[in-house]
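Residue-level structure breakdown
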Amino acid sequence: PDGTPEGLGRRIARLRNEHGLTQQEVAGRLALSRNAVSHMETGLSHPSERTVVLLAGLFHLEPHDLIHGAA
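Source: prediction; values computed, not measured.

By the element assignment, Arg-16 lies in helix 1 (residues 8-18). Classification of Arg-16 by relative accessible area gives buried; the value is 10%. For Arg-16, the contacting residues outside a window of four places in its chain are Leu-21, Thr-22, Gln-23, Val-26, Glu-41 and Phe-59.

In this section: the pattern of salt bridges. Tallied over the full model, the rule gives four salt bridges. Arg-14 is paired through a salt bridge with Glu-18; the nearest N and O atoms lie 3.0 Å apart. With a gap of four residues between them, Arg-14 and Glu-18 both fall in helix 1, about one helical turn apart. The closest approach of N and O atoms between Arg-16 and Glu-41, which form a salt bridge, is 2.5 Å. One end of the pair, Arg-16, is in helix 1; the other, Glu-41, is in helix 3 (residues 34-42), with 25 residues separating them in the sequence. Taken together, the shared-partner salt bridges connect Glu-6, Arg-11, Arg-14 and Glu-18 into one network.

Cut-off values and rules
- Residues numbered from 1 in each chain as written.
- Predicted model: local features only at pLDDT ≥ 70, side-chain atom pairs only at ≥ 80, totals over all residues.
- Heavy atoms only, no water.
- Helix = DSSP H or I, 4+ residues; strand = E, 2+ residues; numbered from the N terminus.
- Buried < 20%, exposed > 50% of the residue type's maximum accessible area, 1.4 Å probe, protein only.
- Contact = heavy atoms within 4.5 Å.
- Salt bridge = Lys/Arg side-chain N within 4 Å of Asp/Glu carboxyl O.

Okay, structure coming up:
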């Protein structure tokens, strides 16, 4: 809306909400803690390559599209 690119953490949070998932549900599916999901969404940490692949699969995206925001 304001023309600034959406950061990866915000994109993960948006996609999670669009898919009707809680942080806890995403954490369970990815074998992470809810805290780890929260930290990714707020930009305190960055997901590993493995986590990006798993998140992309969860959201029905290619990993490249998840990273670069083609969703």
